[in-house]
Amino acid sequence: MNVERETKAKEILSKDVKPVGRFWVTKYKNEAAKNWDLFYKRNKTNFFKDRHWISREFEELSLQESDEDVAKQQKVVLELGCGVGNFIFPILDANPFVFIYACDFSKRAIQFIQNHEKYKETRCHAFVADITKDPLNLQIYSNSVDIVTAIFVASAIPPEQHSQMLENIKDVMKPGGIVCFRDYAIYDETQLRFSAGGNHKLEENLYVRQDGTMSYFFSIEYLTQLFEKHGFKKIYAEYVERETTNRAQELTVDRVFLQAKFVKL
């Protein structure tokens, strides 16, 4: 990670010493599903763009012409926190040899997916689940999933519940199955704005937005230790730094994400 950016970020974060009160921390955690449901009620399917970039970043999800004979042995994919299908439908279009299970704890989001014109139970199955407590093996056979995608979902979960999430997905994964992970990283511009704005910090690296949804910011060290503790081996983990420009506001923002892959032992 850029040393100058890291130094500046640490200085900003060191000044954020007044976290939100314990009552509100508990309230935001307990009402997470409700707040995400309200998010999708307001934004419907218009907020997130389709994630066509995922198959470029994670080759396990892409199909090359030379791979067709192998690919005909259908791969089973589980998407965590599927939202309204911005991942599901681009992948189904690009790869005819995958079956996708998709879960989200927003009932409204799952309804949007099931009502989509491309939704077919022969290719995918979307269902409501809180992946920190609802057993996935009630919907998916144990040891049956080849690939799990966790794309900007674990950040919405308080860190004390990350272990439950991993134990849950591990149960339905095949030995040798892959977790494809991408999420917000420490020192991302969003974390710095939360810190500088005040009244957003719930706990270390955990913040709340104005709409009540939460966001956790990951370090490579934390993520690696978490997965290894639960029976996974790191393939790679790296910070991805991007400079994005908001043309309307003439504002350039430094974004930092954490991208990683882990294999179930």
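Overview of the structure.

Basis of the calculations
In this numbering scheme, every chain counts its residues from 1 along its sequence in written order. Owing to the predicted nature of the model, reporting of local features is limited to residues with pLDDT of at least 70; listing and counting of side-chain atom pairs is limited to 80 or more, with chain, interface and lining totals taken over all residues. Side-chain descriptors were evaluated using all non-hydrogen atoms of the structure, hydrogens and water having been removed beforehand. Whenever a carboxyl oxygen of Asp or Glu lies within 4 Å of a side-chain nitrogen of Lys or Arg, that contact is scored as a salt bridge. The helix and strand labels rest on DSSP assignments: H or I over at least four residues marks a helix, E over at least two residues marks a strand, and numbering proceeds from the N terminus. Each residue gets one of three labels from its accessible area relative to the maximum for its type: buried under 20%, exposed over 50%, partly exposed in between, using a 1.4 Å probe on protein chains only. To pair, rings of Phe, Tyr and Trp, with the six-membered ring standing in for Trp, must have centres within 6.5 Å; the planes then decide the type, stacked if under 30 degrees apart, edge-to-face if over 60, and tilted in the middle.

**Concerning the pattern of salt bridges**
Inference 1: Summed over all chains, the structure comprises 10 salt bridges.
Inference 2: Here Arg-22 and Glu-203 are joined by a salt bridge, their closest N and O atoms 3.5 Å apart. In this pair, Arg-22 sits in helix α2 (residues 22-30) while Glu-203 sits in strand β6 (residues 201-203), placing the two residues 181 residues apart along the sequence.
Inference 3: The residue Glu-31 makes a salt bridge to Lys-27 at a minimum N-O spacing of 2.9 Å.
Inference 4: Judged by its relative accessible area of 24%, Glu-31 falls in the partly exposed class.
Inference 5: Ionic contacts of the salt-bridge type, sharing partners, join the residues Arg-22, Lys-29, Glu-160 and Glu-203 into one network.

**Regarding the packing of aromatic side chains**
Inference 1: Considering all chains together, one arrives at 17 aromatic pairs under this definition.
Inference 2: Taking 6.0 Å as the distance between ring centres and 35 degrees as the angle between the ring planes, the aromatic pair formed by Trp-24 and Tyr-28 counts as tilted. Taken together, the residues Trp-24 and Tyr-28, both in helix α2 and 4 residues apart, mark about one turn of the helix.
Inference 3: Note on Phe-194 and Tyr-207: the rings are 5.5 Å apart at their centroids and 10 degrees apart in plane angle, and the pair reads as stacked.

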